[in-house]
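The residues making up each chain are set out below.
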Amino acid sequence: MKKILVCGSAGFLISNFMRYVLYRAKDFEFVSVDNLKIPDHYKLVYINKKHKFYVGDVSDKYFMDRLINIEKPDVIVNGIGCGPKHTVSELFATYHQSVEVLMSYGLPVISLAYPDGVFEGHFFKCNYNTVLKNNGTILELPNCFGWRQKPNSGFAKVLKNIILNKTAEINDEKLPWAYAEDVASYLWYIIEKQEYGKILKIPFLGQMSIKDMVCLSLRTLEMNDIKLVDSEIPWSPYVKEYSYNNTKWVPDSSSIEDSLQKTVRWYSVNKWILNLGEKHD
């Protein structure tokens, strides 16, 4: 049995990763940590007999020393710092502290990250050497969409405005996208193939503008009575340019259009998530 410690378990990429693996494999179990700054986000944590959840701060070494000693994971997947933050300095501090703690245990660590150049100063680079010299892996990602994404950022924010407010901010700039289930598949591939000590980039599923994504969403939802507003892309950070390494991994998804329609249908049925933590945003 292989035990994986995941950090940031209320994040949609990590949540989808656990579900993806446990639906398909019997020889894995998960331990996860999330500080749940918004307690309502507990509703996003995956409940499964092969998943043990801890409320805690990954940057707290006193706490993590005990968790690692008790659970003895084989691999760590770090999703901390790969979500929306209010300031660049907050994002940097969160990512830096979690990396410093997690790399101290001598275990393979896969750390999710924005690509170099998304922020001025390339501030993630100061942590790359720490990860790589300890046999860890940096997995850089384009913009991602999928089920269970919190509605305060990314495409989930766009869907929230469409479904609840009947409005949408649109933009013609084409952006690179990956589907959350494909990210989960690629993480599993990295662990199975032990692709450690590298900087990896998942192939994006396709490129599409927010305007085109909104139009496809409206057709899927059979809606036409909404207000469209031309504006800047309605969240930050976002990835404008993205290139990836060659890999033998092949995504499960057939097209960005098909994956987007699945995502839109999921949110139309699971409207509870659209108000999640709304009082705290």
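Residues numbered from 1 in each chain as written. Predicted model: local features only at pLDDT ≥ 70, side-chain atom pairs only at ≥ 80, totals over all residues. Heavy atoms only, no water.

Digging into the overall build of the protein
Thinking step 1. Assigned secondary structure in the protein consists of eight helices and twelve strands.
Thinking step 2. Split into buried and exposed, the 281 residues of the protein put 55% on the buried side.
Thinking step 3. Across the protein, contacts joining residues at least 24 apart in sequence account for 80% of those joining residues at least 6 apart.
Thinking step 4. Surface accessibility of the protein: about 13,000 Å² in total, with carbon and sulfur atoms responsible for 48%. (Helix = DSSP H or I, 4+ residues; strand = E, 2+ residues; numbered from the N terminus. Buried < 20%, exposed > 50% of the residue type's maximum accessible area, 1.4 Å probe, protein only. Contact = heavy atoms within 4.5 Å. Areas by Shrake-Rupley, 256 points an atom, 1.4 Å probe, with all protein chains shown as cover.)

Quick notes on the packing of helix H5 (residues 154–165) against helix H8 (residues 256–269)
Thinking step 1. At a minimum axis separation of 11 Å, H5 and H8 run at an interaxial angle of 55°. On the basis of the axis angle, H5 is oblique to H8. Seen from above, H5 lies across H8 with right-handed handedness. Here H5 contributes Phe155, Ala156, Leu159 and Ile163 to the contact with H8, which in turn contributes Leu260, Thr263, Val264, Tyr267 and Ser268.
Thinking step 2. Tallied by class, residues from the contact of H5 with H8 come to seven nonpolar, two polar and no charged. (Axes fitted to C-alpha atoms, helices over the stretch in contact; angles between N-to-C directions. Parallel < 35°, antiparallel > 145°, perpendicular 65-115°, else oblique. Left-handed = near helix turned anticlockwise from the far one by under 90°. Nonpolar A, V, L, I, M, F, W, Y, C, P; charged D, E, K, R; others polar.)

Here's the deal with helix H7 (residues 210–221)
Thinking step 1. An ideal rise of 1.5 Å per residue puts 16 Å on twelve residues; H7 measures up with 16 Å between its terminal C-alpha atoms.
Thinking step 2. Taken together, the buried positions of H7 are occupied by Ile210, Met213, Val214, Leu216, Ser217, Leu218, Thr220 and Leu221.
Thinking step 3. Just past H7, the residue glutamate 222 takes up positive phi, approximately 55°. (Expected span 1.5 Å × (residues − 1).)

A word on helix H6 (residues 180–193)
Thinking step 1. With 14 residues, H6 extends 20 Å between its outermost C-alpha atoms, agreeing within 8% with the 20 Å of an ideal straight helix rising 1.5 Å per residue.
Thinking step 2. Across the 14 residues of H6, eleven count as buried, placing the element largely inside the fold.
Thinking step 3. Those residues of H6 that sit buried are Ala180, Asp182, Val183, Ala184, Ser185, Tyr186, Leu187, Trp188, Tyr189, Ile190 and Ile191.
Thinking step 4. Positive backbone phi, at 55°, marks glutamine 194, one or two positions downstream of H6.

Describing the sheet that holds strand S9 (residues 174–179)
Thinking step 1. On the basis of which strands lie adjacent, the open sheet formed by three strands has the order S7-S9-S11 and mixed pairing. Only two strands of the sheet have a single partner each, and these edge strands are strand S7 (143–145) and strand S11 (206–209). Averaged over all pairs of adjacent strands, the angle between strand axes in this sheet comes to 50°, irrespective of strand direction.
Thinking step 2. Of the pairings in the sheet, the one linking S9 to S11 comprises four bridges and is antiparallel in character. The residue of S11 that forms the bridge with lysine 174 is serine 209.
Thinking step 3. Seen against the sheet, H8 touches S7, S9 and S11 and runs at an angle of roughly 60° to S11. (Pairing = 2+ DSSP bridges.)

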